[in-house]
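Architecture and fold: a report
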Amino acid sequence: QVQLVESGGGLVQAGGSLRLSCAASGRTNYVMGWFRQAPGKDREFVAAVNWSGTSTYYAVSVKGRFTISRDNAKNTMYLQMNSLKPEDTAVYYCAADSRVFVGPVIMSTTKCEYWGQGTQVTVSS
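To start, this report covers the structure provided alongside it.

**Notes on the state of the cysteines**
Counting across every chain of the model gives 1 disulfide. In this model, C22 is linked to C94 through a disulfide, with the two sulfur atoms separated by 1.9 Å. When the S-S torsion is -70°, as for the bridge of C22 with C94, the disulfide is left-handed. In this pair, C22 is assigned in strand β3 (residues 18-26) and C94 in strand β9 (residues 90-97), connecting sequence segments 72 residues apart.

**Observations regarding the nonpolar core**
L4, W34, L79, M81 and Y92 are the most contacted members of the largest nonpolar core, which has 38 residues in total. If you list the elements that add at least two residues to this core, you get β1 (2-7), β3, β4 (31-37), β5 (44-49), β7 (66-71), β8 (76-81), β9 and β11 (119-124). With near-sequence residues (within four places) excluded, L4 lies in contact with C22, A23, A24, M32, C94, A95, A96, Y114, W115, G116 and Q117.

**Considerations on the sheet that holds β1**
Sheet architecture is open: 4 strands sit in the order β1-β3-β8-β7, paired in antiparallel fashion. Both edges of this open sheet fall to β1 and β7, since each of them pairs with a single strand only. Averaged over all neighbouring strand pairs, the angle between strand axes comes to 15°, with direction disregarded. Of the strand pairs in this sheet, β7 and β8 are connected by 6 bridges, and their pairing is antiparallel. Its bridge partner being in β8, F66 is matched across the sheet by M81.

**Focus: the pairing of β11**
Alternating positions in β11 separate cleanly, T119, V121 and V123 being buried on one face and Q120, T122 and S124 remaining unburied on the opposite face. The pairing of strand β2 (residues 10-13) with β11 spans 4 bridges and is parallel. Note on β11: the bridge partner recorded for G10 is V121.

Criteria and thresholds
- Residues numbered from 1 in each chain as written.
- Predicted model: local features only at pLDDT ≥ 70, side-chain atom pairs only at ≥ 80, totals over all residues.
- Heavy atoms only, no water.
- Disulfide = S-S within 2.5 Å.
- Helix = DSSP H or I, 4+ residues; strand = E, 2+ residues; numbered from the N terminus.
- Core = buried A, V, L, I, M, F, W, Y, C linked by side-chain atoms within 4.5 Å.
- Buried < 20%, exposed > 50% of the residue type's maximum accessible area, 1.4 Å probe, protein only.
- Contact = heavy atoms within 4.5 Å.
- Pairing = 2+ DSSP bridges.
- Axes fitted to C-alpha atoms, helices over the stretch in contact; angles between N-to-C directions.

The following block contains the structure:
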């Protein structure tokens, strides 16, 4: 069993930055990622990273602006978000998946096994 707790959300002006964290407990040698859901929209993939941190995958909408990373010694994953836009406003969710065939790319189209409760990110124009 894996428990995921997000933090770091908040209100920021367009062009600003935020760093989200996801603290994991339990067995954590899994692929992990970030998803987001804006009001009235479906949940969408943002970024994912493999267990060792050597492989990452990003949604086109955030590539070049967001950076995903993880510190396994701290059982924590991060999402550094720069050059934020109002359309980045959403609840951001941390996810993890234990299935061997799920890597960062597959995670983008898979219903993940474990989810956090989410953290709100609001970008004002």
